[in-house]
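Structural description and commentary
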Amino acid sequence: MSTERIEGELGAFRDEYPQTANVVRKLFAVSFAALGVGGLFGLIQALHRTGVFRFIPSKDYYTVLTGHGVLLALVFTIFFLCGIFTWSIVDSLERPLESVTFTKTWVAIMSAGSTMAGVAILAGFVGEIPFQADVLFTFYPPLQAHPIFYIGLALFIIGTWLAGIDWFRTYWNWRGDNPNKSPPLRTFMVLMTMLMWYLSTLGVAVEVVFFLIPWSLGLIQTVDPLLMRTLFWYFGHPVVYFWLMPAYLIWYTILPKLAGGRLFSDPLARIVFVLFLVLSTPVGFHHQYMDPGIPEGFKFLAMSNTMFLLLPSLLTAFTVVASMEYGARKNGGTGYLSWLRNLPWGEPAFAAMALAGLMFAAGGFSGMVNAGMNVNYLVHNTLWVPGHFHLTVGTAVALTFMGVTYWLWPQLTGKRLQHRTLATIQPYLWFVGMTLMSNAMHRGGLAGIPRRTAEPQYENFEFEALFGTIGEIRWQIALGGILLTLSLTLFLIVVVGTWLVDRSAIAVDGDLPPALSGPEEAPKAINNLRLWLVIAVVLVALAYGPPLYTMIQDGLFYPGQPPQPTALEPLWEVLP
Ligand code: HAS
Ligand code: CU
C-alpha cells in the first residue's frame, strides 16, 4: 500500500498533518469499537425487557445496561469528540498540535481509564470475580462499584482535561502569531466547550476522588446519597452538552457546505456557544426535581435556567436551517418548502446530519416536557426518559457523528469511501428504527412503564389493562432496536471497509467556505473567553452555593445522624 501523496487527489488532511491524522484515527477507532459493543448490548436489552427474546438471565440485565450506557454515552461520544476537536483545532488554526508526545499521553490515559472501567463492568458477567460495577452510567450511590471502576473514570476525565490543555496551548501559540485576529469559528467552539467541561467536571471529580474512591476502598464508611447525586448532576447535565456541542460544531461548519451553501451567521454561532458555557451548568437540579432535601426555590431556579437554555438550540435550528435553505436555493430550490427537494438527500454525510437534526427537534421537545417541574413528576424514572435521550444523544449526536465520519474518514485515511450504497441506506434505517423505538418509549413512559428494569411488569399488574396498545409498544421497541443494530452494522462495515482498502484518489473536498456574515461583524466582547467564564462561575455559585452549603452541613459534618431540617427556606420566602 502506497503512503505517498497520490497525484490529482484533493488535499487529504492525512497528507498535511500525518501525525494528527494518526491520533484522530486512533481516537475514532476506540470510539467505533465502543459503538459496536455498546450497540450490541442495546439490542440485548431491547429484546430482553420487551420479552421478545431472552438470552441472558435477568440478573445480568444491569451489567448489560451499565455497559450500554458507559460504552455509548461516555466512551463512544467522548473519544469521537476528542477526535473531532483535535481535527478542528489543527485544521482551523492550520498548525499541528505542539507536542505529539503530550497528545499521545492523554490518549493513553483516556484509553487506560476506559479499559479499567470496561473490565470492571464486564466482570459483572462472571459470578466468581470479586470486582464488578453494575452501577449504571450515572454511577452514584447507594450502588457501589469496585475501586477499579472509579479509578478508571477518574483517569478518563483527567485525560480529557489534558486534551483540553493540548488544544488551548495550540490556540495560545497561534494567538501569539496572530494577535489581532478572531479565533476561527471551529477553534472558538472547541475552547468554549472545554471551558464548560472544566467547570462542570469539577463536580464529578470531587465526587469520585474525595468520596467514591475512598468509600469503595473502605477508607470511609458512608457517603451522603443526596450530596453524591447533587455533585453528579452538577456534571450530569453539562455532559449532555459536551456531546451536543461537537454535533453543533459539525452542523454549523460542515453541514452548510454539504448542503451546497454557507453558514448564515458566524457571530450568531459564537453567541450560541457563549450561551452554552454560561447556562449549561446551573441547571443540574432539573434531574433532581423528585429528590427530597433540595429547597423548592432552587429547583425552580434550575427550571427557569433550563428554559433559558432552550434559546441556543432554538437559535441553532434557525441558523442551521437558514444555511441549508441558502444552499438549496443556490441549487435551484424555490417555494416555501419545495427547496427541501434540492438538498443532497442521496449524500450519506448530508442525510445523516439532516435526519439527526430533524429528530433533535422532537428530542428537544420532550426535553422541554422533562424540564417543567410539575410535568416532570409524570415522566421521571419512566421509559419516557430513555425515549428522550435516544433522540438527543442517541440520534442528534450519534447520527451526526456517523455522518461526519463519511466525510472525514476518507480525509483521515486518504482512501475513498467504500460501500456507498450501504452508507446511503444507513442513516434512513437509523431514522426509521429510532422513530419506532423512541416514539414507543415515550408512549410507554406516559403509561407508567418504568425505566431501568428487566421486568417492567409488576406482579399481578398488567399494563395492558392500563394501556391497550402495550403489545404494539413492545413490538415497536424490539423492531426499532433491530433496525438500529442493522444500521449500526452497516456503518461499521463502511468504516472498516474503507480503512482496509488501498489508497486511491479520494473525492472529498475538505475546504470549508466562510460564513455569509463573518466574524468581523461580531462585537469584540464575543471572543473574550475570560468574561464568559467569570459570568458562568457566578451563575453556578448562585444556583449551587446555598443548597450545597446546607447539604454539606447536614450530611458531611454529622455523618450517620438523621437528616437535619434545612436552614434554607424556599427561595420565594427568603427573597424580599
Ligand atoms: Fe435531556 C434527561 C431536559 C437536551 C440527554 N437528557 C436526559 C437524560 C439524558 C439526556 C441522557 O429537564 C437522562 C439522564 C438520566 O439517565 O437520568 N434535555 C432537556 C432539555 C434539553 C435537553 C430542556 N438531553 C438534551 C440533549 C441530550 C440530553 C441535547 C444529549 C445529547 N433532559 C432534560 C430533563 C431531564 C433530561 C429535565 C431529566 C428527566 C428526568 O426526569 O429524569 C434541551 O437542551 C433541548 C433543546 C432543543 C431544542 C431543539 C432545537 C432543534 C434543533 C433542530 C434543528 C434542525 C436541523 C435539521 C438542523 C429546543 C436544533 C433540519 C432539517 C431539515 C431537513 C430542514
Ligand atoms: Cu439535563
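Structural data are supplied above this passage.
I will try to describe carefully the structure that is included in this document.

What counts and what doesn't
- Residues numbered from 1 in each chain as written.
- Chains lettered and ligands numbered in written order.
- Predicted model: local features only at pLDDT ≥ 70, side-chain atom pairs only at ≥ 80, totals over all residues.
- Heavy atoms only, no water.
- Donors = N, O, S within 2.8 Å, 3.2 Å for Na, K, Ca; no water.
- Helix = DSSP H or I, 4+ residues; strand = E, 2+ residues; numbered from the N terminus.
- Buried < 20%, exposed > 50% of the residue type's maximum accessible area, 1.4 Å probe, protein only.
- Near = heavy atom within 4 Å.
- Polar contact = N/O pair within 3.5 Å; in protein donor to acceptor, adjacent residues only side chain to side chain.
- Nonpolar A, V, L, I, M, F, W, Y, C, P; charged D, E, K, R; others polar.
- Contact = heavy atoms within 4.5 Å.
- Phe/Tyr/Trp six-rings, centres within 6.5 Å; stacked < 30°, edge-to-face > 60°.
- Expected span 1.5 Å × (residues − 1).
- Bend = angle between axes of the 7 residues up to and from the residue.
- Patch = residues over 30% accessible without salt bridge, like charges linked within 9 Å, V, L, I, M, F, W, Y side chains within 5 Å.
- Areas by Shrake-Rupley, 256 points an atom, 1.4 Å probe, with all protein chains shown as cover.
- Salt bridge = Lys/Arg side-chain N within 4 Å of Asp/Glu carboxyl O.
- Core = buried A, V, L, I, M, F, W, Y, C linked by side-chain atoms within 4.5 Å.

**Details of the coordination of the copper ion (ligand 2)**
Every protein donor of the copper ion (ligand 2) is listed here as H237 (ND1), H286 (NE2) and H287 (NE2), and their distances to the metal cover 1.9 to 2.1 Å. When the donors of the copper ion (ligand 2) are listed by position in the chain, the intervening gaps give H-x48-H-H. Between the copper ion (ligand 2) and the iron atom of ligand 1 the interatomic distance comes to 4.5 Å. Of this pair, H237 sits in the loop between α7 (225–236) and α8 (238–253) while H286 is found in the loop between α10 (266–279) and α11 (296–330), placing the two residues 49 residues apart along the sequence. In this structure H237 comes out as buried when scored by relative accessible area, which is 6%.

**Remarks on the site of ligand 1**
Taken together, 39 residues are adjacent to ligand 1, and Y241, N376, H380, H388 and R451 come closest. At a separation of 3.2 Å, an oxygen atom of ligand 1 approaches a polar backbone atom of A371. In the environment of ligand 1, an oxygen atom lies 2.6 Å from a nitrogen or oxygen atom belonging to the side chain of H380. Elements supplying a minimum of two residues to the shell around ligand 1: α8, α11, α12 (348–371) and α14 (384–413). The leading source of residues in the shell around ligand 1 is α12, at ten residues. Residues of the shell around ligand 1, tallied by class, amount to 25 nonpolar, twelve polar and two charged.

**Some words on the environment of F41**
Mapped onto the elements of the fold, F41 is located in helix α2 (residues 18–49). By relative accessible area, which is 7% here, F41 ends up buried. For the pair formed by F41 and L71, sequence separation is 30 residues and the distance between their alpha carbons is 9.5 Å. Beyond its immediate sequence surroundings of up to four residues, F41 is in contact with V64, G67, H68, L71, L122 and F125.

**Some thoughts on the coordination of the iron atom of ligand 1**
You will see that the iron atom of ligand 1 has only one donor from the protein, H388 (NE2), lying 2.2 Å away. Mapped onto the elements of the fold, H388 is located in helix α14.

**Quick look at the packing of aromatic side chains**
Between two aromatic rings, the relevant description is the distance of the centres plus the angle of the planes. Enumeration according to the criterion identifies 43 aromatic pairs in this entry. On the numbers, 5.2 Å between centres and 50 degrees between planes, the contact of F53 with F55 is tilted. Taking the centre distance of 5.8 Å and the plane angle of 75 degrees together, the rings of W106 and W167 count as edge-to-face. With a gap of 61 residues between them, W106 in helix α4 (residues 100–122) and W167 in helix α5 (residues 147–177) connect regions that are remote in the sequence. Here W106 falls in the buried class, since its relative accessible area comes to 0%. The exposure class of W167 is buried, given its relative accessible area of 0%. Pairwise contacts between aromatic rings join F28, F32, F76, F80, F401, Y406, W409, F491 and W499 into one cluster.

**Here we look at helix α3 (residues 61–93)**
The end-to-end C-alpha separation of α3 is 46 Å, in line with the 48 Å expected for 33 residues at 1.5 Å each. In α3, a bend of some 30 degrees at L71 exceeds every other bend along the element. Most of α3 sits inside the fold, with 31 of its 33 residues counted as buried. Directly beyond the C-terminal end of α3, a positive phi value near 55 degrees is found at E94.

**Some words on a nonpolar patch on the surface**
On the surface, L122, F125, V126 and I129 cluster together into a nonpolar patch covering about 290 Å² of accessible area. Relative accessible area serves as the criterion here: at 31%, I129 is assigned to the partly exposed category.

**Quick word on the nonpolar core**
Side chains that are nonpolar tend, in soluble globular proteins, to be buried together. I78, F149 and W167 are the most contacted members of the largest nonpolar core, which has 168 residues in total. The element that contributes the greatest number of residues to this core is α3, accounting for 19 residues. In this structure W167 touches C82, F85, T86, I89, L97, W106, V190 and M194, once residues within four positions along its chain are discounted.

**Things to note about the pattern of salt bridges**
On inspection of all chains with the given rule, the structure shows eleven salt bridges. As a salt-bridge pair, R95 and D177 come within 3.0 Å of each other at their nearest N and O atoms. Linking R95 in the loop between α3 and α4 with D177 in helix α5, this pair joins segments that are 82 residues apart in sequence. Here D291 ties to R229 by a salt bridge, and the two come within 2.7 Å at their closest N and O atoms. Here D291, found in the loop between α10 and α11, pairs with R229, found in helix α7; they are 62 residues apart in sequence, far enough to count as distant.

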